[in-house]
Amino acid sequence: MNIKLPDNAKIILDTIHEAGFEAYVVGGCVRDAVLGRVPGDWDITTNAVPQDIKKLFRRTIDTGIEHGTVTVMMGKEGYEVTTYRIDGKYEDNRHPSEVTFTKNLTEDMKRRDFTINAMAYNEEEGLIDRFGGLEDIEKGLIRCVGNPYERFSEDALRIMRAIRFSAQLGYSIEDKTCEAIKELSPTLEKISAERIQVELVKLLLSDHPDKIRQAYKLGITKVILPEFDACMETEQNNIHHAYSVGEHIIQTMLNIRPDRVLRLTMLMHDMAKPATMTVDEDGVSHFYGHDLKGAEMARVIFRRLKFDRDTMDKVCNLIKYHDYRFPAEARSVRRAINKVGVDAFQDFLEVRYADTMAQSDYQRQEKLQQIEDISAIYEEIKVKQECVTLGDLAVNGRDLISQGVTPGKKIGDVLGKMLMDVIDNPEHNSKEYLLEPERLSIFLKDQ
């Protein structure tokens, strides 16, 4: 098998070879190249020690020299070059307490997580695959190198990586690997929230976000997202629903594009349903207030998993309004845009669509038609550039002060009244109309 190497990676390999050492591209880049994907990074492994590499290249950075890694700079691109190594004891389920350099490539490959990531390549020897990675790619299988209990005990984050690779590649997880995950998933408590967050988002943005169902079955979400487990265990006895809360969530993620904010919104939009569920005398389930409660719960989850503030605010806003209903009329749509937010309204429509597609067939066509009608009106409002925010209003605070309005809270109150008038009547958005003395006195009334 031939893999086309980038020029810079080839230069690094050739330079190391010419100095009498072994060198290969290794890991994820080899996997992706075999799969016909474009690798993001080209990592290199060698029997040369870091001091040898530093002598061979003009610009290097000691990015992980205690673990045998230096980054070789080729122009503005960096390539990690790591010495073959054997990891010592893992004392924190994440990092080896020490590493020992080795001259044996196979010994180095034994410490890697999955067979599909334990392949190496150079142009002289071709593909080096000593653990069946190529066969597992052909089978569509995620399998640990060697004993899965040992691999996951060394680094618990590998549990998240297994489910993430399964989602990204559409692969199954091998039975013994699944058994080890199920037994060792509690050790994920020792992994930092930031690391968990990265793997979770990659899973959600994959072509198979439904793999979170397996994460639930294997006990992963019980540790990293217990709120989701409650959803999987809550039925929705309601004519509008066909699934449990958790299964509905999964279906919504499958019905929305792989955008970070949108997938996270769908994951969390109904998280509060278990906490807000009531059952009426006819046995019908209701979830009053789950939208507002859900936004509160999402903030707790986002803080726990160390998400950035911008993502948290955007997602929580969409959760807050995901159940917002209004007529497909221009006036109501303008009000909704003002309420939900100009920048969020298109996302809101996509959330409404995904939510509807994951419900029962009951009134589905009517619901979808309403979303389509609202979307058409929204596009028309954009084309006409109708006023929906204070920034679009024909007057501002300075205009009111020039008319004798006292600076302060009164300014904001008057502008707010004017905005609502203009949202309902777009033709009113002119200085002449809004500042006409008699009309201005009406806006000032009760201020």
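Keep in mind the model is a prediction, meaning the values are calculated, not measured.

Within the protein one finds 24 helices and 13 strands. A compact globule built from 447 residues should have a C-alpha radius of gyration of about 22 Å, whereas the protein, at 29 Å, is more than 25% larger. For the protein, the C-alpha atoms occupy an extent of roughly 90 × 60 × 40 Å along the three principal directions. Counting only contacts in the protein whose residues sit at least 6 apart along the sequence, the fraction spanning at least 24 positions is 63%. Of the side chains in the protein, 61 bear a positive and 76 a negative charge, and the two mean positions are spaced by 3 Å.

The next subject is the nonpolar core. Ile220, Leu267 and Phe345 are the most contacted members of the largest nonpolar core, which totals 103 residues. By residue number, the principal contributor to this core is helix H7 (residues 157-169), which donates 8 residues. In this structure Ile220 touches Ile159, Met160, Ile163, Ile181, Ser185, Leu188 and Ala215, once residues within four positions along its chain are discounted. Counting 16 residues, the second largest nonpolar core, distinct from the first, contains Cys387, Leu393, Val414 and Ile423.

Across a sheet, strands are paired by hydrogen bonds formed along the backbone, either parallel or antiparallel in direction. A sheet is described by the order of its strands in space; here 7 strands give the open sequence E3-E4-E5-E2-E1-E8-E9, paired in mixed fashion. In this open sheet, the two strands that pair with only one neighbour each are strand E3 (60-64) and strand E9 (126-129). Recorded for the sheet is a direction-independent mean angle of 35 degrees between the axes of neighbouring strands. The pairing of strand E8 (residues 119-122) with E9 spans 4 bridges and is classified as antiparallel. Directly across from Met119, in E9, lies its bridge partner Asp129. On the sheet, helix H1 (residues 7-18) packs against strand E1 (23-26), strand E2 (43-46), strand E4 (69-74), strand E5 (77-83) and E8 and is oriented at approximately 35 degrees with respect to E5.

This paragraph deals with the environment of Asp136. Residue placement: Asp136 occurs in helix H5 (residues 133-139). The contact partners of Asp136, leaving out residues within four places of it in the chain, are Thr115, Ile116, Leu141, Arg143 and Tyr171. Among the polar contacts made by the side chain of Asp136, one reaches the side chain of Thr115 at a distance of 2.6 Å.

Moving on, we come to the pattern of salt bridges. If you walk through the whole model with that rule in mind, you get 35 salt bridges. A salt bridge links Asp308 to Arg260; the shortest N-O distance between them is 3.3 Å. Taken together, the residues Asp308 in the loop between helix H16 (290-304) and helix H17 (309-321) and Arg260 in helix H14 (residues 260-268) connect sequence positions 48 residues apart. Since its relative accessible area comes to 33%, Asp308 is described here as partly exposed. Residue classification places Arg260 among the partly exposed positions, given a relative accessible area of 28%. Here the salt bridges share partners, and the residues they tie into one network are Glu150, Arg151, Glu154 and Arg158.

So, on to the environment of Glu123. Within the element layout of this structure, Glu123 appears in the loop between E8 and E9. Expressed as a C-alpha distance, the spacing of Glu123 and Ala298, which sit 175 residues apart in the sequence, is 50 Å. Apart from the residues lying within four places of it in its own chain, the contact partners of Glu123 are Leu5 and Lys10.

A separate point is the packing of aromatic side chains. Considering all chains together, one arrives at 10 aromatic pairs under this definition. Pairing Tyr321 with Tyr324 gives two aromatic rings, centres 6.0 Å apart and planes at 50 degrees, and the pair type is tilted. When sorted by exposure, Tyr321 lands in the same class as Tyr324, which is buried. Through successive ring pairs, a cluster of aromatic residues spans Tyr321, Tyr324, Phe326, Phe345, Phe348 and Tyr378. In this structure, Lys339 is placed above the aromatic ring of Tyr324, and the distance from its NZ or CZ to the ring centre is 4.7 Å.

So, on to helix H8 (residues 175-184). Among the residues making up H8, those that are buried are Thr177, Cys178, Ala180, Ile181 and Leu184. Axial view of H8: buried residues confined to an arc of 165 degrees, hence all on one face. Every exposed residue of H8 that faces more than 90 degrees away from the buried side is listed here: Asp175, Lys176, Lys182 and Glu183. Residues of H8 that are buried in the fold lie against strand E10 (141-142), helix H6 (148-154), H7, strand E11 (172-173), helix H10 (212-217) and helix H11 (220-224).

At Lys306, a residue that is not glycine, the phi angle is positive and equals roughly 60 degrees. As for its position among the elements, Lys306 is in the loop between H16 and H17. The phi dihedral of Gln385 falls on the positive side, at around 55 degrees, and the residue is not glycine.

All right, on to the side chain of Glu199 then. You can see Glu199 is positioned in helix H9 (residues 193-204). By relative accessible area, Glu199 is classed as buried at 5%. In this view, Glu199 contacts Leu157, Met160, Arg161 and Arg164; residues no more than four positions away in its chain are not counted.

So, on to helix H19 (residues 345-357). Here H19 is 13 residues long and its end C-alpha atoms lie 19 Å apart, about the 18 Å a rise of 1.5 Å per residue gives. By the criterion of burial, H19 is predominantly enclosed, with 10 of the 13 residues buried. Check the buried side of H19 and you find it contacts helix H13 (245-254), H14, H17, helix H18 (330-340) and helix H20 (364-384).

The subject of this paragraph is the pairing of E2. The pairing of E1 with E2 spans 4 bridges and is antiparallel. Looking at the pairing, Tyr24 lines up with Thr45 of E2.

Moving on, we come to the state of the cysteines. Tallied over the entire structure, the rule returns 0 disulfides. Cysteine Cys29 shares no disulfide, and the gap to the nearest cysteine sulfur, in Cys144, comes to 20 Å. For Cys29, a relative accessible area of 3% puts it in the buried group. Here Cys231 stays free of any disulfide, with the sulfur of Cys316 as its closest cysteine sulfur at 15 Å. Exposure remark for Cys231: the relative accessible area of 0% places this residue in the buried category.

Basis of the calculations
- Residues numbered from 1 in each chain as written.
- Predicted model: local features only at pLDDT ≥ 70, side-chain atom pairs only at ≥ 80, totals over all residues.
- Heavy atoms only, no water.
- Helix = DSSP H or I, 4+ residues; strand = E, 2+ residues; numbered from the N terminus.
- Rg over C-alpha atoms; globule rule 2.2 N^0.38 Å.
- Contact = heavy atoms within 4.5 Å.
- Lys, Arg positive; Asp, Glu negative; His and termini not counted.
- Charge placed at Lys NZ, Arg CZ, Asp CG, Glu CD.
- Core = buried A, V, L, I, M, F, W, Y, C linked by side-chain atoms within 4.5 Å.
- Buried < 20%, exposed > 50% of the residue type's maximum accessible area, 1.4 Å probe, protein only.
- Pairing = 2+ DSSP bridges.
- Axes fitted to C-alpha atoms, helices over the stretch in contact; angles between N-to-C directions.
- Polar contact = N/O pair within 3.5 Å; in protein donor to acceptor, adjacent residues only side chain to side chain.
- Salt bridge = Lys/Arg side-chain N within 4 Å of Asp/Glu carboxyl O.
- Phe/Tyr/Trp six-rings, centres within 6.5 Å; stacked < 30°, edge-to-face > 60°.
- Lys NZ or Arg CZ within 6 Å of the ring centre and 35° of its normal.
- Arc of directions from axis to C-beta.
- Expected span 1.5 Å × (residues − 1).
- Disulfide = S-S within 2.5 Å.

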